[in-house]
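The residues making up each chain are set out below.
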Amino acid sequence: MTELKNYKMFIDGEWLDSNTDKTFETLNPENNKPWARVPEASASDVDKAVKAAHNAFEGEWSKLLPRDRAKFLRAIGNKLRENAELLGKIETIDTGKLFRETNKQAIYIAEYYDYYAGLADKVEGTVLPIDKPNIQAITTRIPIGVIAAIVPWNSQMFLTATKLAPALAMGNTVVIKSSELAPAVMFEFAKLIEETGIPKGVVNVITGFGDPCGKALTTHNLVEKVAFTGGPETARHIIRNSAENLSEVSLELGGKSPVAVFDDAKQENAINGITAGIFGASGQSCIAGSRLYLQKNIYNEFLDKLISRAEKIKIGAPMDPETEMGPLSNFKQLEVIEKNIKLTAEQGGKVRCGGERHPFSNEGFYFPPTIIECDNHNLPAAENELFGPVLSVMKFNTEEEVISKMNDNQYGLSSGVYTSDFAKGLRVSKAIRAGITFVNTYRLISPSAPFGGIKDSGYGKEAGLESIKDYTRVKTTWYYTSDEPTLDPFSMR
Ligand code: NAD
């Protein structure tokens, strides 16, 4: 048996085991075998990390000039570029996500640090047009304090960057809690953060389970904001926990994103976009376009073409550059997917391709591209977030009908429209109740593009110009400008 790689947590600039000495193993989804061991943070480890972040906040970090904080952000970006291959490899081993994506993503994520480095000294205050004599009043943006950044196992580098970069740029300090399901890449990232020479305690990286680690972090009285990405059930715990410490909460949750293809769409482009949207990253993407609505008169022809494209997808080892779909990240995913497909088939759904575990590796978590025709979108596969390569397909007649169907789901994260009619594209995109709509394209991110949902997909936006302000609070300062004493201390002016 090969020896497991050992990781430690990064707290207050030191590499530590849990004070309980508890550890857990993380699996390689390609073969379902443990490959690394990580410490499991206890409540007291969490306390240590939060106190370190608090001390760093109270110490020099929040007082540094914005341009000096920006230098550290740029240094993090450069480290990501220089070490993209290693980061990509570790993330691939731990999550099963393709190396061709994790490697490129580590390079691209550097842009987020550059972007927020650029913004660090551009957040301005205001002078208020105040309605009182001898008074000058201003607002400034001040940092919030200790931020708890909680991320899931998919796209961790991206989901961390959208929290860490604006938080640091504005002078906050951070405790990152990686997912217990694939924590390794965050510890590799922590090594790079250490190499930048950033002051101790400004960034801390821990991992552990929802309880005690997540709970201790989100109830800690020195945590001022929880920036959370994950599932809606966990989000409910986090909101309840925030009643303990009255911290601010931002939520990036799940999705069941609808995509409509009208009969005038450019079909090859639509097929590529839909394939990227649901089979990219084996469908384990919060913005996966998992509900597809096809206009009636192209339904059969388009669906046949889509199935034939899906069947050509090359399933294989995630490090192989030829592979287009690797394994699912964990067994829990596989079980959820299988259960929903079974229930959907029992209720009349027709599995047109895929639908059963792939034989590529019986020990890994491989599941093929799956397309299910559904008479209505209330069947389980069409309604629930499956977080896997499963596309439910439905028929529609009119624009009005498809808009109403697209909006008929609890989530509102992403969506897509394919049409050659510009006006129709505009009308439909405007009518969809979702935080993101792609027209004639899909699965794009950018530091300048706000990311996040509405309805049960959460609240608060990540990335983009405005989101930096979410890592600040407005402070109002009043200046008395007269040399004369104020009069009447018993009347509010
Ligand atoms: P999850 O909610 O199970 O876990 C997310 C994180 O929360 C993990 O780090 C976990 O340890 C932690 N956690 C669990 N219980 C906790 C508690 N009681 N207190 C504090 N923290 C706790 O989610 P998952 O299954 O790992 O990830 C998949 C989900 O994430 C999907 O629903 C997906 O759509 C969503 N997601 C959303 C986005 C987005 O930006 N909107 C991006 C990626 C993933």
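Because the structure is predicted, anything quoted here is derived from the model rather than measured.

**Thoughts on the packing of aromatic side chains**
A full pass over the atoms with the stated rule returns 15 aromatic pairs. Judged by centre distance (6.1 Å) and plane angle (90°), the ring pair of Tyr108 and Tyr112 falls under edge-to-face. Here the residue Tyr108 and the residue Tyr112 both occupy positions in helix α4 (residues 99-119), the gap between them amounting to four residues, near one helical turn. On the basis of relative accessibility, which here comes to 31%, the residue Tyr108 falls in the partly exposed class. Measuring from centroid to centroid gives 6.2 Å for Phe331 and Phe365, while their planes differ by 45°, and the two rings are tilted. With Phe331 in helix α11 (residues 331-346) and Phe365 in the loop between β15 (350-353) and β16 (370-373), the pair connects residues that are 34 residues apart, well separated along the chain. What makes Phe365 buried here is its relative accessible area of 4%. Counting every residue linked through ring pairs, the aromatic cluster contains Tyr108, Tyr112, Phe158 and Phe451.

**Some points on helix α14 (residues 422-431)**
Along α14, the residues classified as buried are Lys424, Gly425, Val428 and Ser429. Across the axial projection of α14, the buried residues extend over an arc of 125°, all falling on one side. The outward face of α14, more than 90 degrees from its buried face, is lined by the exposed residues Phe422 and Lys430. Along its buried surface, α14 packs onto α13 (399-406), β19 (416-418) and β20 (438-439).

**A word on the environment of Leu251**
Of note, Leu251 is situated in strand β12 (residues 248-252). Residues Leu251 and Asp456, 205 residues apart in the sequence, show an inter-C-alpha distance of 9.5 Å.

**Points about unusual backbone geometry**
Cis geometry is adopted by the peptide bond preceding Pro212, which originates at Asp211 and carries an omega value of 10°. The backbone phi angle of Asp12 is positive, close to 55°, even though this residue is not glycine. Along the chain, Asp12 turns up in the loop between β2 (9-11) and β3 (14-16). Phi is positive for Ala463, close to 70°, though the residue is something other than glycine. Inspection of the secondary structure assignment puts Ala463 in the loop between β22 (458-459) and β23 (472-480). In this structure Ala463 comes out as buried when scored by relative accessible area, which is 2%.

**Some details on the sheet that holds strand β1 (residues 5-6)**
Judged by pairing direction, the sheet is mixed, and its three strands sit side by side in the order β1-β5-β4 without closing on themselves. In the strand order of this sheet, the two ends are held by β1 and β4 (23-28), each with one partner. Of the pairings in the sheet, the one linking β4 to strand β5 (residues 33-39) comprises six bridges and is antiparallel in character. Following the sheet pairing, Phe24 is matched in β5 by Val38.

**Things to note about the state of the cysteines**
Tallying each qualifying case throughout the model produces zero disulfides. Here Cys353 stays free of any disulfide, with the sulfur of Cys374 as its closest cysteine sulfur at 13 Å. Here Cys353 falls in the buried class, since its relative accessible area comes to 5%.

Basis of the calculations
Residues numbered from 1 in each chain as written. Predicted model: local features only at pLDDT ≥ 70, side-chain atom pairs only at ≥ 80, totals over all residues. Heavy atoms only, no water. Phe/Tyr/Trp six-rings, centres within 6.5 Å; stacked < 30°, edge-to-face > 60°. Helix = DSSP H or I, 4+ residues; strand = E, 2+ residues; numbered from the N terminus. Buried < 20%, exposed > 50% of the residue type's maximum accessible area, 1.4 Å probe, protein only. Arc of directions from axis to C-beta. Contact = heavy atoms within 4.5 Å. Pairing = 2+ DSSP bridges. Disulfide = S-S within 2.5 Å.

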